[in-house]
Amino acid sequence: MTDRPVLMFDSGIGGLTVLREARVLMPDRRFVYVADDAGFPYGDWEEDALKRRIVDLFGQLLETHRPEIAVIPCNTASTLVLSDLRAAFPGTPFVGTVPAIKPAAERTRSGLVSVLATPGTVKRAYTRDLIQSFANECHVRLVGSQNLARMAEAYIRGTSLDDAVVMAEIAPCFIEQDGRRTDIVVLACTHYPFLANVFRRLAPWPVDWLDPAEAIARRALSLLAPSTNSEPEHEPDVAIFTSGNPDFPTRRLMQGFGLSVA
């Protein structure tokens, strides 16, 4: 019998950064990757409408694919709707994604940390609670970018970006204060690691860009029962787009990640 899949759900293709890490840790697992491209970007949504949309989508997805676990590599969705999903579908374990504020607070030497996120994640009470709980001794600057998720989607599909436009988005992350400088920037959107090399090149000084992808994958692995699939081969991993109509560059990208588009 084929093992039930690991379902990954994101607003777009940002969750591929987590899928990449998950496959390294779980090579014998089958993955179903769901991109809610019809709803992208989530940062533009009114909260209650977005909650209803995601809970309704999961009702369909869980019934169709019967995953062993559902991973939401999307900060905006996780900080908004994770508790609702757990309440609505108690039989399915959910792994969410929240800004890596705790590890940033533990690692910073200067005490100056920035969180680069979508506007939705920045304004969420959940994010403020994380700072209050784990980074009380730090100066944490929340930087909400309206455009970076879209820019990352374009970049990973092969579109070149204007350095000045990217720099305008990340410049507020860099603070100099009393002889100290920002030394950690939390990438609080799973789209952003696709741009990490661009960020490093443009940064006014070196910082640690904190990417939570591996930690999310490890958390998912910790909740899974040992695989009963002794065969190295399994059904192909699939990508599902809620628009039903991903464009050619997106299909080509999915193929590059070893996903067949449903």
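Structure's up top.
Just so we're clear, the structure is a prediction, and the values are computed from it rather than from any experiment. Starting from 1, residues in each chain are numbered consecutively following that chain's sequence as written. It should be noted that, the model being predicted, local features are given only for residues of pLDDT at least 70 and side-chain atom pairs only at 80 or more, the latter also being counted only at that level, while totals for whole chains, interfaces and linings use all residues. In computing side-chain values, all of the structure's heavy atoms are included and hydrogens and water are not.

Draft legend 1. Structural detail: the overall build of the chain. Across its full length, the chain carries eleven helices and twelve strands. Put simply, the radius of gyration uses C-alpha atoms, and a globule should come to 2.2 Å times the residue count raised to 0.38. Its C-alpha atoms give the chain a radius of gyration of 18 Å, within 12% of the compact-globule value 18 Å for 262 residues. Here the chain holds 262 residues, and the buried ones make up 52% of them. Contacts: residue pairs with any heavy atoms within 4.5 Å of one another. Considering only residue pairs separated by 6 or more positions, the chain has 77% of its internal contacts joining residues 24 or more positions apart. Using the Shrake-Rupley algorithm and a 1.4 Å probe, accessible areas are obtained, with residue cover drawn only from the displayed protein chains. A total accessible area of about 12,000 Å² is found for the chain, and carbon and sulfur atoms account for 49% of it. Counted as positive: Lys and Arg. Counted as negative: Asp and Glu. His and the chain ends are not counted at all. Here the site of a charge means NZ on Lys, CZ on Arg, CG on Asp, or CD on Glu. On the chain, the mean spot of the 27 positive side-chain charges and the mean spot of the 32 negative ones are 2 Å from each other. A run of DSSP states H or I qualifies as a helix once it reaches four residues; a run of E qualifies as a strand once it reaches two. Both are numbered from the N-terminal end. For every residue, the accessible area obtained with a 1.4 Å probe (protein chains only) is divided by the maximum for its type, and the residue is called buried under 20%, exposed over 50%, and partly exposed between those limits.

Draft legend 2. Molecular detail of the pairing of strand β11 (residues 238-241). Note: two strands are recorded as paired if DSSP finds a minimum of 2 bridges between them. Where strand β2 (residues 31-35) lies against β11, four bridges are found, and the strand directions are parallel. Bridge assignment links Y33 to a residue of β11, and that residue is A239. In terms of strand pairing, β11 meets strand β12 (residues 260-261) through two bridges, oriented parallel. The partner of A239 across the bridge, within β12, is V261. The handedness of the β11 to β12 crossover, carried by helix α11 (residues 248-256), is right-handed. The path from the first strand over the helix to the second decides the hand: if it runs clockwise while the strands point away from the viewer, the crossover is right-handed.

Draft legend 3. Quick peek at the packing of aromatic side chains. Pairing of aromatic rings covers Phe, Tyr and the six-membered ring of Trp, with a centre-to-centre limit of 6.5 Å; geometry is then stacked below 30 degrees between planes, edge-to-face above 60, and tilted otherwise. One pass over the full model with this rule turns up five aromatic pairs. Counting every residue linked through ring pairs, the aromatic cluster contains F174, F199, W205 and W209.

Draft legend 4. Quick look at the sheet that holds β12. As summarised here, the arrangement of the six strands in space is β4-β3-β1-β2-β11-β12, forming an open sheet in which the pairing is parallel. Of all strands in the sheet, those bounded by a partner on one side alone are β4 (94-95) and β12. When strand β1 (residues 6-10) meets strand β3 (residues 69-71), the two strands line up parallel, connected through three bridges. Within β3, the position partnered with M8 by the bridge is V71.

Draft legend 5. Spotlight on the nonpolar core. M8, L16, M254 and L259 are the most contacted members of the largest nonpolar core, which totals 26 residues. Taken together, the elements giving at least two residues each to this core come down to β1, α1 (16-25), β2, β3, α10 (213-223), β11 and α11. With sequence-adjacent residues up to four places away left out, M254 is seen in contact with I13, L16, A239, F241, L259 and V261. Note on terminology: a nonpolar core comprises buried Ala, Val, Leu, Ile, Met, Phe, Trp, Tyr and Cys residues joined through side-chain atoms within 4.5 Å.

Draft legend 6. Just the state of the cysteines, in detail. Throughout, disulfides are identified as pairs of cysteine sulfur atoms within 2.5 Å of each other. A complete count under the given rule lists zero disulfides for this structure. In this structure C173 is a free cysteine whose sulfur lies 13 Å from that of C189, the closest cysteine sulfur available. Residue classification places C173 among the buried residues on the basis of a relative accessible area of 0%. Not part of a disulfide, C189 finds its nearest cysteine sulfur in C74, a span of 6.7 Å.

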